[in-house]
Amino acid sequence: TAYFSYNQKEEGDEKRFNNLAIGLSEAVVVFNSNGGLAAVGIEIGRTISIKGFTTAVESGKLCASACGLAWLAGRPRMSAVDAQVGFHAIFTKDGK
């Protein structure tokens, strides 16, 4: 089982994540991120779901916005009692 921390922020991070995940049969993906691009979070979540990885947010850490979308894909999903997982509406670059 691999254990790695991930903090997605920008376009291309989903490709970097996929490159890390491709050779793993099991992993715990630990998130600490205030968000990023929704499409990136969704694609990372898709990989997590396909691979059957566990997701987690550790004590005192935040997983919000696009991070939360990726975290939802975990099987199982874990979060510490004082961790924060947050969601909001997705908006476009022009603010709509």
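Please refer to the structure placed before this passage.
Residues numbered from 1 in each chain as written. Predicted model: local features only at pLDDT ≥ 70, side-chain atom pairs only at ≥ 80, totals over all residues. Heavy atoms only, no water.

**Here's the deal with the state of the cysteines**
The term disulfide refers to a covalent linkage connecting the sulfur atoms of a pair of cysteines.
Alright, step 1. One pass over the structure, following the stated rule, counts one disulfide.
Alright, step 2. Covalently, Cys63 is tied to Cys67 through a disulfide, its sulfur atoms 2.1 Å apart. The sign of the S-S torsion, about -105°, decides the handedness of the disulfide formed by Cys63 and Cys67: left-handed. (Disulfide = S-S within 2.5 Å.)

**Brief notes about the pattern of salt bridges**
Alright, step 1. All told, the structure shown has three salt bridges when counted by the stated rule.
Alright, step 2. One salt bridge in this structure joins Glu14 and Lys15, with 3.9 Å as the shortest N-O distance.
Alright, step 3. In this structure Glu14 comes out as buried when scored by relative accessible area, which is 14%. (Salt bridge = Lys/Arg side-chain N within 4 Å of Asp/Glu carboxyl O. Buried < 20%, exposed > 50% of the residue type's maximum accessible area, 1.4 Å probe, protein only.)

**Observations regarding the pairing of strand E2 (residues 27–31)**
Alright, step 1. With five of five residues buried, E2 is to be regarded as a mostly interior element.
Alright, step 2. In E2, alternate side chains face the same way, and those of Ala27, Val29 and Phe31 on one face and Val28 and Val30 on the other are all buried.
Alright, step 3. Sheet analysis places E2 next to strand E3 (residues 54–57), joined by four bridges and oriented parallel. Within the sheet, the bridge partner assigned to Val30 lies in E3 and is Ala56.
Alright, step 4. Where the polypeptide runs from E2 across helix H2 (residues 38–51) and back to E3, its parallel neighbour, the crossover connection is right-handed. (Helix = DSSP H or I, 4+ residues; strand = E, 2+ residues; numbered from the N terminus. Pairing = 2+ DSSP bridges. Right-handed = clockwise from strand over helix to strand, strands pointing away.)

Read these as geometric descriptors, not functional statements.
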